[in-house]
Amino acid sequence: MTIFREELKQNAKAVGPIAILVLVLNIFRPVDSKLIANFLIGCLGVIVGLSIFLTGVDLSISKIGSFMGDFIAKSENILKVIIFGVFIGFVISIAEPDLLILAKQVSSAIGLESMLIVSIISVGVGVMISIGLYRIFKEIKLSSLMMCIYGAIFILMFISSDLSHAIAFDASGATTGAMTTPFIIALGLGVSKLKGESKGEENSFGLVGIASTGPILAGLLMTMSIDPSAVVIEEVAHTSAILSGFKSASFAILPITIVFLIMDKLVFKLKNKKDIMLGLGYTYIGLIMFLASVEGGFMELARVMGEAYADFKFVPLIGFVLGLLVVLAEPAVFVLSEQVEDVTAGSIHRSSIMKALSIGVAFAVMLAMIRIKIDGFKLWMLIGPGFLLALILSRNVPQLFVGIAFDSGGVASGPMTATFILAFCQGVAGNVADGFGVIAFVALMPVITIMIMGSFYKEVIEG
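None of these values were measured; they are calculated from a predicted model.

**A look at the nonpolar core**
- Core analysis: the biggest nonpolar cluster contains 153 residues, and Met-68, Ile-153, Leu-187, Leu-301, Ile-383, Phe-424 and Phe-436 have the highest contact counts within it.
- Broken down by element, this core gets its largest block of residues, 14 residues, from helix 2 (residues 33-73).
- In contact with Ile-153, not counting residues within four places along its chain, are Phe-169, Thr-213, Ile-216, Leu-217 and Leu-220.

See below:
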């Protein structure tokens, strides 16, 4: 109960400012009062649901990730590690609520089933997790690996469409959220402690950042094979938000539960797994509440409000304020910032990471709004040079900050970004497809701001 109360308090503080901003915006450009009522009920559902979900994650998913990290680290067979990495990455990724939400929106733009989209993206996550684990085993320099990965991404971007870029980078940000981040962090810590002894602090970070490149590669390949102009979008029959949440949550939680039970039987052999099973139950219930609340209250209101402010000259400033508030509402951000403070024994304070992320995300959402408003402003015009700048900076800052930076890009784009801000941008844009890209900006800007922060730390260290 103590964990739940803390999560409840934290999520209330996080969602509260967003609710207040929405009510203020509604004063100047009112929307249907029923939407506002549903939104406020949705806010309550998100706070309670996310609190139950994160309590369950703390009791179960994080512990399972740590157990699996220890198991992988003790293996001497690299091939087994790679195969296991692909498998476990896939299983945990399909349980990510942000990805489930985004996939439903992408489905309406490219005509693929949402669960097929989730599966393709999850394969990408699994492949990159296996590569990230291999890096820790071989102690490969993170900046060098990232240059190779983004080299492949830039090549695919050159031969794909702007819509492909937006969907792929948005999928990347949505994948590393409340479910996957604690698990991947625990997995990386478990392996780095046993296998990365000489660079334990450096190797504790970076696995989330590497994992987040998998959806970009998978998303680009997936969308390149589809001609969006040939897709006929049919009106999807409305289904109950609770029923939809129940189906998505069941699809998400069942695989990781089965995998854990099998591994416990064969490998872990835990004498008491009551807390973990209870935690999985909390995770399941919380996920149903979260998804139902988001679909029932958040997204429709955000889209309508975006449409109401579409002609407002200063809508990028609204985006800036939304960006500042969103960071406070992302649970994965708190997980990463606490890890940074713990691993560095307090030399990098949690508040420093939060401030850098807040500034980065605020500018990211503002830039996304500007892109929507300016005809001909393509996503690659900022994403390409932005990640190129990040890669150049990665060669000149401590490798510890390279890992933190790329991890930050993944965790900053969580439930609030994948729901409220994405839907708001789609409302401003006037259609679903043109609204894609905001998560891509949110995934990019924190990487740059953390790298810049790392350069100042380098000066202090060397000075």
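**Looking at the pattern of salt bridges**
- Taken as a whole, this structure holds 4 salt bridges when the rule is applied.
- The salt bridge involving Asp-311 is made with Arg-29; its shortest N-O contact spans 2.6 Å. Here Asp-311 is found in the loop between helix 13 (274-308) and helix 14 (315-329), whereas its partner Arg-29 is found in the loop between helix 1 (2-28) and helix 2, with 282 residues between them in sequence.
- With a relative accessible area of 59%, Asp-311 lands in the exposed category.
- In this structure Arg-29 comes out as partly exposed when scored by relative accessible area, which is 26%.
- Asp-162 is paired through a salt bridge with Arg-371; the nearest N and O atoms lie 3.2 Å apart.

**Things to note about the confidence of the model for the protein**
- Chain-level statistics for the protein give a pLDDT mean of 81 and a share of 89% at 70 or above.
- Per-element confidence in the protein ranges from a low mean pLDDT of 57 for helix 9 (residues 200-203) to a high of 90 for helix 6 (residues 142-158).
- Of the regions scoring below 50 in pLDDT, residues 231-237 engages in 4 contacts with residues more than four places distant in sequence or in other chains.

**Let's talk about helix 6**
- Taking 1.5 Å of rise per residue, the 17 residues of helix 6 would be expected to cover 24 Å, and the 24 Å separating its terminal C-alpha atoms lies within 8% of that figure.
- Inspection of helix 6 places Leu-142, Ser-143, Leu-145, Met-146, Ile-149, Tyr-150, Ile-153, Leu-156 and Met-157 among the buried residues, and these make up the whole buried set. End-on, the buried residues of helix 6 take up no more than an arc of 150°, which puts them together on one face. Exposed side chains of helix 6 directed beyond 90 degrees from the buried face belong to Cys-148, Ile-155 and Phe-158.

Conventions adopted
- Residues numbered from 1 in each chain as written.
- Predicted model: local features only at pLDDT ≥ 70, side-chain atom pairs only at ≥ 80, totals over all residues.
- Heavy atoms only, no water.
- Core = buried A, V, L, I, M, F, W, Y, C linked by side-chain atoms within 4.5 Å.
- Buried < 20%, exposed > 50% of the residue type's maximum accessible area, 1.4 Å probe, protein only.
- Helix = DSSP H or I, 4+ residues; strand = E, 2+ residues; numbered from the N terminus.
- Contact = heavy atoms within 4.5 Å.
- Salt bridge = Lys/Arg side-chain N within 4 Å of Asp/Glu carboxyl O.
- pLDDT = per-residue confidence, 0-100.
- Expected span 1.5 Å × (residues − 1).
- Arc of directions from axis to C-beta.

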